[in-house]
Amino acid sequence: EACGVVWTDADRFKAIKNGEWIASKPYNGIAGFRLSGMYSPWVPLSEAVRDFLEAKKMPETLRVWVNTFLGETWEEKGDGVDEADISTHREDYKAVVPEAVHLLTAGVDVQDDRLEVELLGHGRSEETWSIDHAIIYGDPSGPQIWSDLDTYLSQKFEKEDGTLLDVRCACVDSGGHYTQAVYDFVRPRERRRIFAIKGVGGEGKPIIGRPSRNNIGKIRLFPVGVDTAKEIVYARLKIPKPGPGYCHFPEHYDDEYFAQLTAEQIVTRFSKGFRRREWKKVRARNEALDLRVYALAAYTLLNVNIDALVER
């Protein structure tokens, strides 16, 4: 950028052709090299710029571009999210579902005395709107609370223009004390895309893995890479203004909700010489974060092109 002139691809190819490999460290026989995509004769810079402009809209896509095109290590900014910053994302919705929402998913968390549900709206470029945080009190070992959940998930939710949206997919956590009850609930409802999930820790796990029927309920049980999902959730919570990936919240959500949403942070540990990143709670209750992870898992299960859906 200091040479004062515009570089064409022809100039770049000439420079690359006249370059040579120089090892920066001693090696014995075989050397490994890391090279940016800017050296590639098969990728025009205009294409690289176009890919960058698209990738930089959201942290997780920018991370992939930096890793794969530039060949550089991605450094996360910060280990957690400030609940005070996120609480400023509250706003007055003009209807139950804002006009920009085109798809609804839900995440369900099972506690000893209640079910908690987040209804999440999705719009263009994966911008999201939290529509509702519902708490259904009751005994998860009995039928009534599950009937109430079914009634909730069967609702249609109204947009500003009068359009009614239903819940396209829901994920119910089966990892607690009421696994059999979850299996019994989802078994007759899988056709409605209501699925049982189980969180799986560890770096690099996909948000949604291959389902297994090797369980006592013989239902499709989907593993959810919770560490990966939390990284995406936190990266999007840090987006400061509306646009791709931004997270909106209704104005009636209280401070406790945002404290739960930001109740964990990444801690870096070294074990036997290896660096490990782990999610640790900084407060006891984190249900809001779990719900957002489950609602994101439900969206991932749909495998939908949200921008194409918006256009239609």
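Asks: Can you lay out a negative patch on the surface for me, pointing to particular residues and giving the numbers?
Replies: On the surface, Glu99, Glu158, Glu160 and Asp161 cluster together into a patch of negative charge. Position of glutamate 158 among the secondary structure elements: in strand S5 (residues 156–158).

Asks: I'd like to hear about the state of the cysteines, residue by residue, with values.
Replies: Tallied over the entire structure, the rule returns 0 disulfides. Between cysteine 247, a free cysteine, and cysteine 171, which holds the nearest cysteine sulfur, the sulfur-to-sulfur gap is 17 Å. Judged by its relative accessible area of 3%, cysteine 247 is buried.

Asks: Tell me about the pattern of salt bridges, residues and numbers included.
Replies: Inspection of every chain in the model, using the stated rule, returns 21 salt bridges. Here aspartate 150 makes a salt bridge to arginine 189, at a shortest N to O gap of 2.9 Å. Within this pair, whereas aspartate 150 is found in helix H5 (residues 144–153), its partner arginine 189 is found in the loop between helix H6 (179–186) and strand S7 (194–200), the two being separated by 39 residues in sequence. On the basis of relative accessibility, which here comes to 18%, the residue arginine 189 falls in the buried class. A salt bridge links arginine 285 to glutamate 287; its shortest N-O distance comes to 3.2 Å. Among the residues examined, glutamate 287 registers a relative accessible area of 5% and is labelled buried. Connected through salt bridges with shared partners, the residues Asp113, Arg114, Glu116, Arg285 and Glu287 form a single ionic network.

Asks: Residue-level account of the environment of tyrosine 152, with values.
Replies: Take tyrosine 152: it is sitting in helix H5. Considering only alpha carbons, one finds tyrosine 152 and valine 167, 15 residues apart in sequence, at a separation of 9.6 Å. For tyrosine 152, the residues in contact, after removing those within four places along its chain, are Val117, Leu119, Asp132, Ala134, Ile136 and Phe157. Of note is the side chain of tyrosine 152, whose polar atom sits 2.7 Å from the side chain of aspartate 132.

Asks: An account of the packing of aromatic side chains is requested, with residue identities and associated values reported.
Replies: Evaluation of the coordinates by the stated rule reveals 11 aromatic pairs. Ring plane angle 65 degrees and centroid distance 5.2 Å describe the contact between phenylalanine 195 and phenylalanine 222, whose orientation is recorded as edge-to-face. In this pair, phenylalanine 195 is assigned in strand S7 and phenylalanine 222 in strand S8 (residues 221–225), connecting sequence segments 27 residues apart. Comparing phenylalanine 195 with phenylalanine 222 shows no difference in burial state: the two are buried. On the basis of an interplanar angle of 55 degrees and a centroid distance of 4.4 Å, the ring pair of tyrosine 253 and tyrosine 257 is categorised as tilted. We classify tyrosine 257 as buried; its relative accessible area is 4%. Ring pairing ties together the aromatic residues Phe249, Tyr253, Tyr257 and Phe258, which thus form one cluster.

Conventions used here
- Residues numbered from 1 in each chain as written.
- Predicted model: local features only at pLDDT ≥ 70, side-chain atom pairs only at ≥ 80, totals over all residues.
- Heavy atoms only, no water.
- Patch = residues over 30% accessible without salt bridge, like charges linked within 9 Å, V, L, I, M, F, W, Y side chains within 5 Å.
- Areas by Shrake-Rupley, 256 points an atom, 1.4 Å probe, with all protein chains shown as cover.
- Salt bridge = Lys/Arg side-chain N within 4 Å of Asp/Glu carboxyl O.
- Lys, Arg positive; Asp, Glu negative; His and termini not counted.
- Charge placed at Lys NZ, Arg CZ, Asp CG, Glu CD.
- Helix = DSSP H or I, 4+ residues; strand = E, 2+ residues; numbered from the N terminus.
- Disulfide = S-S within 2.5 Å.
- Buried < 20%, exposed > 50% of the residue type's maximum accessible area, 1.4 Å probe, protein only.
- Contact = heavy atoms within 4.5 Å.
- Polar contact = N/O pair within 3.5 Å; in protein donor to acceptor, adjacent residues only side chain to side chain.
- Phe/Tyr/Trp six-rings, centres within 6.5 Å; stacked < 30°, edge-to-face > 60°.

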